[in-house]
Number of protein chains: 2
Amino acid sequence: MSSQKLKLGFIGLGIMGGPMAHHLLKAGHQLFTHTRSKTPDYLQQDGAVLCASAMEVAQQADIVFLMLPDTPDVELVLFGENGVAQGLSKGKAVVDMSSISPIATKDFAQRIAAMGCDYVDAPVSGGEVGAKNAALTIMVGGTPSGFERIQPLFELMGKNITHVGGHGDGQTAKVANQIIVALNIEAVAEALLFAARAGADPAKVRQALMGGFASSRILEVHGERMIKRTFDPGFRIELHQKDLNLALSAARSLGLSLPNTASAQQLFSSCVAHGGKGWDHSAMVKALEGMANFEMG
Amino acid sequence: MSSQKLKLGFIGLGIMGGPMAHHLLKAGHQLFTHTRSKTPDYLQQDGAVLCASAMEVAQQADIVFLMLPDTPDVELVLFGENGVAQGLSKGKAVVDMSSISPIATKDFAQRIAAMGCDYVDAPVSGGEVGAKNAALTIMVGGTPSGFERIQPLFELMGKNITHVGGHGDGQTAKVANQIIVALNIEAVAEALLFAARAGADPAKVRQALMGGFASSRILEVHGERMIKRTFDPGFRIELHQKDLNLALSAARSLGLSLPNTASAQQLFSSCVAHGGKGWDHSAMVKALEGMANFEMG
């Protein structure tokens, strides 16, 4: 299939979507794009066809990819005026690579499937670097045949590709990922701050802990950022807040208690209150450090 | 030094101390022991000399190891009637391998150092298996000369040996370790429970997350225990509660906020309230699962 020239659509060409779409184009596929802002020059130079609406993308392409900021954006692009749904016809496919609500995703998938089309949710992790290097982790929800249909295209954009389960399960895995990342950051922050306040060298403590049961990718990478005080993103706190909001609002619907996710979200909010929405998420440690100094008003 | 036959003491010969002392004995050193219960047969058969008190151990041995349950036990054995301090003389050394308060440790170290002796705190992780296989992780606090003096003996008991810093810093590192382990367990519990309640297969979600930023030793080992429902210890909840109590009481003294450590401690307490003090610490997930079903009274 990857040797065959396909008609692909891509809607949402930001810092993630742009390079991801570029990989599809460079593999020899035809690319139809639409975006709220401007389609990047490198896509236009390599022959991407600009469309006036999401509907037009869905009319031209057989498989339409989305990479949008949040749930309402995806809903609008799919089902709004001149949206994807108005341009789809039977046998086409929608691949949503945005990170959005797993619950809304199940609804979107049902509505698209009712039109005789495949719907695959496939959120990613790995950030801008992963997008540029075609090294994204991709967590996929959808039918087995839907997954198989898109798999060769995923392989152009990512490395660690897992078919997690049915519609929405890709989004669920992504939310689970973001819960663990936030809470492991919080764990490392509490531990290294404790070590420092108790008079030990947090860098030595991190080193002592690296081989044992406390070891994690977050202790390795974000622990070092906390010690070296390098809080340039990385991954911005405001984006992680969006992801934890997905976790907490879905948990509320599901009747599920996530006490430490709620606590981590409050610590992020504390950073934002101090001007930190653009800080790297490892700066959560600042909220723990600074609590004694916070002032009302 | 390890080819030289030393006079060593070992106080506290439980499931950890017993095998640790045995490694010292098998390396050819003389071993003087004292314990509240019974010195294990394998130590007696291999020539350990049983002493009537901690004081007598300190009179006979040049380097006295302790492996005791908690801070008050160490204080009593060191400074109580017929305790170690009464038997020490200038130039001897005390090596506390128990996991106890870093703050109390600084005080104990100062009092022992004032007698002209070395004091080294060297708590371990790796559990009974690590103790038996001489594969413990050892986190060491003390002077550089104190550390160097004991290092060849640590190498008989462990593999990953780090000189973290001055007196108490070994205990501080151990507390930091236990904070991260508890909070990473909590993180994995929230994430996998979220995934399951949202309708995904938690085993598939764990697999999708293993290569990325959510990866940790806890996701690997304890995540699997949660999925397979194997909650036999492992590491008992009541022991982890002791460690988190050290973290929380030291944090109170230091004026430091550890919100998620406090929350994890409450979840452990919830397990204990349901008969789970002997469950493996990964069973913390049960507290999150069961909250909707708890009844008052």
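Residues numbered from 1 in each chain as written. Chains lettered and ligands numbered in written order. Predicted model: local features only at pLDDT ≥ 70, side-chain atom pairs only at ≥ 80, totals over all residues. Heavy atoms only, no water.

**Q** Could you clarify how one ought to interpret the pairing of strand 8 (residues 136-141) of chain B in this entry?
**A** The side chains of a regular strand alternate, first on one face of the sheet and then on the other. All names here are of chain B. Burial analysis of strand 8 places six of its six residues in the buried class, the great majority of the element. Residues Leu136, Ile138 and Val140 line one face of strand 8 and the alternating positions Thr137, Met139 and Gly141 line the opposite face, and both faces are buried. Looking at chain direction, strand 7 (residues 124-125) and strand 8 are connected through two bridges and run antiparallel. Paired with valine 124 across the bridge in strand 8 is isoleucine 138. (Buried < 20%, exposed > 50% of the residue type's maximum accessible area, 1.4 Å probe, protein only. Helix = DSSP H or I, 4+ residues; strand = E, 2+ residues; numbered from the N terminus. Pairing = 2+ DSSP bridges.)

**Q** Whenever I open this one, the side chain of A:Glu186 confuses me. Can you help?
**A** With respect to the element layout, A:Glu186 can be found in helix 9 (residues 169-197). Here A:Glu186 is buried and forms no salt bridge, its nearest opposite-charge partner A:Arg197 lying at an N-O distance of 13 Å. With residues up to four places along the chain from it excluded, the contact list for A:Glu186 reads A:Leu267, A:Met284, A:Leu288, B:Leu183, B:Pro259 and B:Asn260. (Lys, Arg positive; Asp, Glu negative; His and termini not counted. Salt bridge = Lys/Arg side-chain N within 4 Å of Asp/Glu carboxyl O. Contact = heavy atoms within 4.5 Å.)

**Q** Hey, could you run me through the packing of aromatic side chains in this one?
**A** To describe a pair of aromatic rings, you give the distance between the ring centres and the angle between the ring planes. All names here are of chain A. The tally for this structure, following the rule as stated, stands at four aromatic pairs over all chains. Aromatic pair phenylalanine 10 and phenylalanine 65: ring centres 5.7 Å apart, planes at 10°, arrangement stacked. You can see phenylalanine 10 sitting in strand 1 (residues 7-11) and its partner phenylalanine 65 sitting in strand 4 (residues 63-66), a full 55 residues away along the chain. With relative accessibility at 0%, the residue phenylalanine 65 sits in the buried group. Ring geometry for phenylalanine 79 against phenylalanine 108: centres 5.7 Å apart, planes inclined by 55°, an arrangement best described as tilted. Separated by 29 residues along the polypeptide, phenylalanine 79 in helix 4 (residues 71-79) and phenylalanine 108 in helix 6 (residues 102-113) bring together distant segments of the chain. (Phe/Tyr/Trp six-rings, centres within 6.5 Å; stacked < 30°, edge-to-face > 60°.)

**Q** Teacher, can you tell me more about the pattern of salt bridges here?
**A** Close approach of charged atoms allows side chains with opposite charge to pair. Counting across every chain of the model gives 18 salt bridges over all chains. Between A:Asp107 and A:Arg111 there is a salt bridge; the shortest N-O distance is 3.3 Å. Residue A:Asp107 and its partner A:Arg111 are both found in helix 6; the two are separated by four residues, about one turn of the helix. Owing to a relative accessible area of 33%, A:Asp107 belongs among the partly exposed residues under this scheme. The residue B:Glu128 makes a salt bridge to B:Lys132 at a minimum N-O spacing of 3.3 Å.

**Q** Where do I start with the relation of the copies chain B and chain A in this structure?
**A** Relating the two copies of this chain is a rotation about some axis coupled with a shift parallel to it. Expressed as a screw operation, the relation of chain B to chain A combines 0.0 Å of axial shift with a rotation of 180°, fitting to an RMSD of 0.1 Å. When the rotation and shift are considered jointly, the pair of chain copies conforms to a two-fold rotation axis. If distances are taken from each C-alpha of chain B to the rotation axis, the shortest is found for B:Ser216, at 2.0 Å. The residues that chain B uses at the interface reappear at the interface of chain A in 100% of cases, marking a shared surface. (Least-squares fit on C-alpha atoms with pLDDT ≥ 70 in both.)

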